[in-house]
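Overview (structure and organization)
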Amino acid sequence: LGPEVEAFEREFAAYVGTAHCIGVASGTDALTLAVRAAGVGAGDEVITVSHTAVATVAAIEMAGATPVLVDIDDRSYTIDAAQVERAITPRTRAIIPVHLYGQAADMDALMAVAKAHGLTVIEDCAQAHGARYKGRMAGTFGALATFSFYPTKNLGALGDGGAVVTNDAGLAE
């Protein structure tokens, strides 16, 4: 939490194209903190994709919420926006699309669903550092986005590490 981390946060935010980057201990911590910052809690539901690492689901559960899993789009292997729309209930508070294999989810469709239903989007970018959707970086569409720097990720560290990015100063705080 010294000048090296602060420099990394500034540089990574600039690289992704967001106003804020908060370095955290792991990708799991990034997801957990983002879900909590979004105000998700007990009794809420969060829709995410079944084809993801356990950390995505664990973060939802650690906030006291219920994960609602939907299937992938068979072309992109990322979350299917049509299935997201069908899974929404009055308890749904957020959508966590997982950008995977360096490929971004269909963010136009997902953001339209989220807007129509007043849902927060938290992008899981753990496997998509540098991925773009229609020329825009993954991690710049939702209210929050999370990254992992585990050694097996696209941008790996020498140990664990993660980050949350956002353009919202209140959420960053």
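Before any of the text, the structure's been laid out above.
Read on for a plain summary of the structure.

Attention now goes to the sheet that holds strand S5 (residues 120-124). Ordered by their spatial adjacency, seven strands build an open sheet running S1-S9-S8-S5-S4-S2-S3, and the pairing between neighbours is mixed. The sheet is open, and its two borders are formed by strand S1 (20-24) and strand S3 (66-70), each paired with just one other strand. Strand-to-strand, the axes of this sheet are offset by a mean angle of 25 degrees, without reference to chain direction. In terms of strand pairing, strand S4 (residues 92-96) meets S5 through two bridges, oriented parallel. Directly across from Ile95, in S5, lies its bridge partner Val121.

With that out of the way, let us pick up helix H2 (residues 27-37). The complete set of buried residues in H2 reads Gly27, Ala30, Leu31, Thr32, Ala34 and Val35. Next to the buried residues of H2 lie S1, helix H3 (54-62), S4, S5, strand S8 (144-148) and strand S9 (162-166). Here H2 starts with a cap whose side-chain oxygen sits 3.4 Å from the backbone nitrogen of Thr28, and that cap is Ser26. Just downstream of H2 lies Gly39, where phi reads positive at about 85 degrees.

Right, let's get into the side chain of Glu9. As for its position among the elements, Glu9 is in helix H1 (residues 3-16). The charged side chain of Glu9 is buried without a salt bridge, its nearest counter-charge being Arg10 at 6.8 Å. When residues no more than four places from it in sequence are discounted, the contact partners of Glu9 are Cys21, Ile22 and Gly23.

Bringing the pairing of S4 into the picture now. Of all five residues that make up S4, four are buried, and the element is covered over most of its length. Examined bridge by bridge, strand S2 (residues 45-49) and S4 share four bridges and lie parallel to one another. From the neighbouring strand, Thr48 faces S4, where its bridge partner is Ile96. Crossover connection from S4 via helix H5 (residues 107-117) to parallel S5: handedness right-handed.

Further remarks concern H1. The terminal C-alpha atoms of H1, which comprises 14 residues, lie 20 Å apart, in line with the 20 Å expected from a rise of 1.5 Å per residue. Within H1, burial applies to Glu9, Phe12, Ala13 and Val16. Viewed along the axis of H1, the buried residues span an arc of 100 degrees, placing them on a single side of the element. What points out from H1, more than 90 degrees from its buried face, is the exposed set Pro3, Glu4, Arg10, Glu11 and Ala14. Taken together, the buried residues of H1 touch S1, strand S7 (136-137), S8 and S9.

Thresholds applied
Residues numbered from 1 in each chain as written. Predicted model: local features only at pLDDT ≥ 70, side-chain atom pairs only at ≥ 80, totals over all residues. Heavy atoms only, no water. Pairing = 2+ DSSP bridges. Helix = DSSP H or I, 4+ residues; strand = E, 2+ residues; numbered from the N terminus. Axes fitted to C-alpha atoms, helices over the stretch in contact; angles between N-to-C directions. Buried < 20%, exposed > 50% of the residue type's maximum accessible area, 1.4 Å probe, protein only. Contact = heavy atoms within 4.5 Å. Polar contact = N/O pair within 3.5 Å; in protein donor to acceptor, adjacent residues only side chain to side chain. Lys, Arg positive; Asp, Glu negative; His and termini not counted. Salt bridge = Lys/Arg side-chain N within 4 Å of Asp/Glu carboxyl O. Right-handed = clockwise from strand over helix to strand, strands pointing away. Expected span 1.5 Å × (residues − 1). Arc of directions from axis to C-beta.

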